[in-house]
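# Overview (structure and organization)
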Amino acid sequence: MPESAAHSSLVQTVIRYAEREFGGLANIAIREDALRPLRGERPPKIEGHVPDVFVINVPTTTTLIGEAKTEHDIDTHHSHQQISAFLRYLSNTPRGIFVFSVPFGSAAAARRLLAQLNQPFSHAATRTVVLNTSDLE
């Protein structure tokens, strides 16, 4: 299924965040699930789910998984399964970051969902971040 312009914009927000967090594309290995990935590489499957963005810094000390959801996709069963898988994966990595990119006006719902889904992994030091497209423009 082709990605929508709205979803693509949310994915680009995650990539801009990763650039800002890690100091530019030269410092990171980035994989994105897009029609034309930035570096031609797709993210690895995690428990059967492919994240929109998968980033590690070089040398590897931090792993970032980014997921973009349109307004109607935030609170679905599939999204819950996906996000839980990504949070579980990050809970087993040092300095994990989960970035959830959502449309403007959906940040509160996204934060509530992340708090709920991250409860089983509260022992981990995974940082969760909620962004919308206006955050990094």
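Everything quoted here is computed from the prediction, not taken from an experiment.

We now examine the overall build of the chain. Per the secondary structure count, the chain includes three helices and five strands. Ordered by position from N to C terminus, the α and β elements of the chain give α-β-β-β-α-β-α-β. As displayed, the chain offers around 7100 Å² of accessible surface, 51% of which is attributable to carbon and sulfur atoms.

A few words on the sheet that holds strand E3 (residues 63-68). Taken in spatial order, the five strands line up as E1-E2-E3-E4-E5 in an open sheet, and their pairing is mixed. At either margin of the open sheet sits one strand with a lone partner, and together these are strand E1 (28-32) and strand E5 (127-131). The sheet shows a mean angle of 15 degrees between the axes of neighbouring strands, taken without regard to direction.

Below, the discussion takes up helix H1 (residues 5-22). Since the α-helix packs 3.6 residues into each turn, any two residues three or four apart lie on the same face. With 18 residues, H1 ought to run about 26 Å at 1.5 Å a step, and its terminal C-alpha atoms sit 26 Å apart, in line with that. Residues of H1 that are buried include every one of His7, Leu10, Val11, Thr13, Val14, Ile15, Tyr17, Ala18 and Phe22, and no others. Buried residues along H1 sit against E1, strand E2 (53-57), E3, strand E4 (96-101) and E5. Phi turns positive, to about 85 degrees, at glycine 23, one or two residues after H1.

With that out of the way, let us pick up the nonpolar core. For soluble globular proteins, nonpolar side chains are generally found buried alongside one another. In this structure, Ile65, Ile83, Leu87, Phe98, Phe100, Leu114 and Val130 are the most contacted members of the largest nonpolar core, which totals 18 residues. Of all the elements in the fold, those that place two or more residues in this core are helix H2 (77-91), E4 and helix H3 (107-118). For this core, the leading source of residues is H3, giving five residues.

This part takes up unusual backbone geometry. With phi around 50 degrees, glutamate 47 is a residue other than glycine that occupies positive phi space. Structurally, the position occupied by glutamate 47 is in the loop between E1 and E2.

Moving on, we get to the packing of aromatic side chains. Given two aromatic rings, one states the distance between the centres and the angle between the planes to describe the pair. Following the criterion strictly, the structure yields three aromatic pairs and no others. Between phenylalanine 98 and phenylalanine 100 the ring centres are 6.0 Å apart and the planes differ by 45 degrees, which places this aromatic pair in the tilted class. Comparing phenylalanine 98 with phenylalanine 100 shows no difference in burial state: the two are buried.

Moving on: the environment of asparagine 118. Relative to the helices and strands, asparagine 118 is located in helix H3. Each C-alpha atom of the pair asparagine 118 and arginine 88 lies 8.3 Å from the other, and the pair is 30 residues apart in sequence.

As a further point, take the environment of leucine 64. By the secondary structure assignment, leucine 64 is in strand E3. Here the alpha-carbon distance between leucine 64 and arginine 127, two residues 63 residues apart in the chain, equals 9.3 Å.

Counted residue by residue, E4 has six buried out of six residues, so it is predominantly covered. Covered by surrounding structure in E4 are Gly96, Phe98 and Phe100 together with Ile97, Val99 and Ser101, the residues of both alternating faces. For the crossover that starts at E3, traverses H2 and ends in the parallel E4, the hand is right-handed. Tracing the backbone out of E4, into H3 and back to the parallel element E5 gives a crossover that is right-handed.

Reading guide: rules and limits
Residues numbered from 1 in each chain as written. Predicted model: local features only at pLDDT ≥ 70, side-chain atom pairs only at ≥ 80, totals over all residues. Heavy atoms only, no water. Helix = DSSP H or I, 4+ residues; strand = E, 2+ residues; numbered from the N terminus. Areas by Shrake-Rupley, 256 points an atom, 1.4 Å probe, with all protein chains shown as cover. Pairing = 2+ DSSP bridges. Axes fitted to C-alpha atoms, helices over the stretch in contact; angles between N-to-C directions. Expected span 1.5 Å × (residues − 1). Buried < 20%, exposed > 50% of the residue type's maximum accessible area, 1.4 Å probe, protein only. Contact = heavy atoms within 4.5 Å. Core = buried A, V, L, I, M, F, W, Y, C linked by side-chain atoms within 4.5 Å. Phe/Tyr/Trp six-rings, centres within 6.5 Å; stacked < 30°, edge-to-face > 60°. Right-handed = clockwise from strand over helix to strand, strands pointing away.

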